[in-house]
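Residues per chain, in single letters:
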Amino acid sequence: MAPYLFSVAFLVTLFWMVEHLFGNKQERPWWRPQVWTDVFSGVANALLSNPLNLVIISILGFLVLVPTGIIPLAELQAGKYRGFGPIGQLPRWPQFALAFLLGDFLLYWIHRWFHGKRLWRFHAVHHSSEQLDWLSGVRAHPVNDVVANALLVFPFILLGFDPVAAAVAGPALGVFALLGHADVDWDWGPFRHVIASPVYHRWHHSKDPAAIDKNFASFLPLWDILFGTHYMPKGRKPQDFGIHEPVEHTVLGLLKHPFKPTSVGFGETSTRPPDPDKSTSPGS
């Protein structure tokens, strides 16, 4: 518990400094509407999603990989399991780098999948934040968290990664994802198409029709460039965040949102309705 609380305190301090000293909150109070919704949403996911992920991963290991001999039970029990196969034989730092890049690639496709018609109703909870900052990055439905984490972790296990290397790569990607939501106008200048910036990901959350279903990458815009989902206009900043469907901005309301009749499925397989209250012109 102590390491977890230390990590939370570190992230809160770090991103407060980023947004209030270098970002768009220099003259704003730390408080904003829906801040407690995001805080309690993050806590609820930590209490619900993490244990469920552990259960799912354990089931995979003990019902599939241990009986087949891929993962030796004796090594697990002794705490000596360090992966298997060619990847498991690599030192941990190369494994971490490989896991980070593979995780970024997997997250691109997992993210696109959640923008499809079937799963959007769960991912819409994450997109429902109307005042985007780093804290809104933790707003997510537990189903979104559990499914996405399982799809991310399973390939690491099946490919034989050292659990330590994989466990470090996941949080590293997570911290970078939080930075992508931060309320700063950083776009990395000449590297704007090389590494995903806060401006890059904030376009992903914009209701601007040109930005819908764009910029799925967490770290490398390369995936968006290769697969036709890249959007980074010059001279404009993302704005008008949120979703086009009604949403109740409470923890309970967000948990119930995917199961409401007003929760619609749209994304790659259907068209999002226009926002009648906002201009879609380039100058908007």
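Quick summary incoming for the structure in this document. (Residues numbered from 1 in each chain as written. Predicted model: local features only at pLDDT ≥ 70, side-chain atom pairs only at ≥ 80, totals over all residues. Heavy atoms only, no water.)

### Remarks on the pattern of salt bridges
It is possible for side chains bearing opposite charge to pair when their charged atoms get close. Selection criterion: Every case where a carboxyl oxygen of Asp or Glu lies within 4 Å of a side-chain nitrogen of Lys or Arg is listed as a salt bridge. By the criteria applied, helices consist of DSSP H or I runs no shorter than four residues and strands consist of E runs no shorter than two, each listed in order from the N terminus. Per-residue accessibility, obtained with a 1.4 Å probe over protein chains only, is compared with the maximum for each type, and a residue is labelled buried under 20%, exposed over 50%, and partly exposed between these values.
Counting across every chain of the model gives 11 salt bridges. When the shortest N-O distance is used, the salt bridge between Arg139 and Asp38 registers 2.6 Å. Of the two residues, Arg139 is situated in the loop between α6 (120-127) and α7 (142-159) and Asp38 in helix α2 (residues 35-65); the sequence distance between them amounts to 101 residues. Here Arg139 matches Asp38 in class, with each residue buried. With a shortest N-O distance of 3.4 Å, Glu248 and Lys260 are connected by a salt bridge. Taken together, the residues Glu248 in the loop between α10 (222-226) and α11 (251-256) and Lys260 in the segment after α11 connect sequence positions 12 residues apart. Taken together, the salt bridges that share partners define one network made up of Glu19, Lys25, Arg32, Asp38, Asp133 and Arg139.

### Comments concerning the nonpolar core
Rules: We define a nonpolar core as any set of buried Ala, Val, Leu, Ile, Met, Phe, Trp, Tyr and Cys residues linked to one another through side-chain atoms lying within 4.5 Å. Contact criterion: two residues are considered in contact whenever any of their non-hydrogen atoms come within 4.5 Å of each other.
Membership of the largest hydrophobic core comes to 40 residues, with the highest contact counts inside it found for Phe15, Phe100, Ile110, Trp134, Phe156, Phe161 and Trp203. Of all the secondary-structure elements, those providing two or more residues to this core are α1 (2-21), α5 (92-114), α7, α8 (163-181) and α9 (198-204). Here this core takes 7 residues from α5, the largest share from any one element. Once residues within four sequence positions are removed from consideration, Trp134 is found in contact with Leu11, Val12, Phe15, Glu19, Leu178, His181 and Ala182.

### Some points on the packing of α5 against α8
Counted only if it meets this: Every axis in this analysis is a line fitted to C-alpha atoms, fitted for helices over the stretch in contact. Angles between the N-to-C directions lie between 0 and 180 degrees. Just so you know how the angles are binned, under 35 degrees is roughly parallel, over 145 roughly antiparallel, 65 to 115 roughly perpendicular, and the rest oblique. In a left-handed crossing the near helix is turned counterclockwise from the far helix by less than a right angle, and in a right-handed crossing that turn is clockwise. Following the grouping adopted for this structure description, the nonpolar residues are Ala, Val, Leu, Ile, Met, Phe, Trp, Tyr, Cys and Pro, the charged ones are Asp, Glu, Lys and Arg, and the polar ones are all others, Gly among them.
Packing of α5 against α8 brings their axes to within 8 Å, and their N-to-C directions diverge by 50°. Looking at the two axes, α5 sits oblique to α8. Seen from above, α5 lies across α8 with right-handed handedness. Each of Arg92, Gln95, Phe96, Ala99, Phe100, Gly103, Asp104 and Leu107 in α5 lies in contact with α8, whose residues at this interface are Val164, Ala165, Ala166, Val168, Ala169, Ala172 and Leu173. Residues that form the contact of α5 with α8 fall into these classes: 11 nonpolar, 2 polar and 2 charged.

### A word on the environment of Val146
Counting through the fold element by element, Val146 comes out in helix α7. Classification of Val146 as buried rests on a relative accessible area of 13%. For the pair Val146 and Ser49, spaced 97 residues apart in sequence, the C-alpha to C-alpha distance is 5.6 Å. Excluding residues within four positions of it along the chain, Val146 makes contact with Ser49, Leu52, Asn53 and Ile56.

### Digging into the side chain of Asp104
The condition is simple: Residues counted as positive are Lys and Arg, residues counted as negative are Asp and Glu, and His and the chain ends are not counted. N or O atoms closer than or at 3.5 Å make up a polar contact, with two conditions inside protein: a donor-capable atom paired with an acceptor-capable one, and, for residues adjacent in sequence, both atoms drawn from side chains.
As for its position among the elements, Asp104 is in helix α5. The charged side chain of Asp104 is buried without a salt bridge, its nearest counter-charge being Arg112 at 13 Å. Of note is the side chain of Asp104, whose polar atom sits 3.0 Å from the backbone nitrogen of Leu220. A polar contact is formed between the side chain of Asp104 and the side chain of Trp223, at a distance of 2.8 Å. When sequence neighbours within four positions are dropped, the list of residues in contact with Asp104 reads Leu173, Ser218, Phe219, Leu220 and Trp223.

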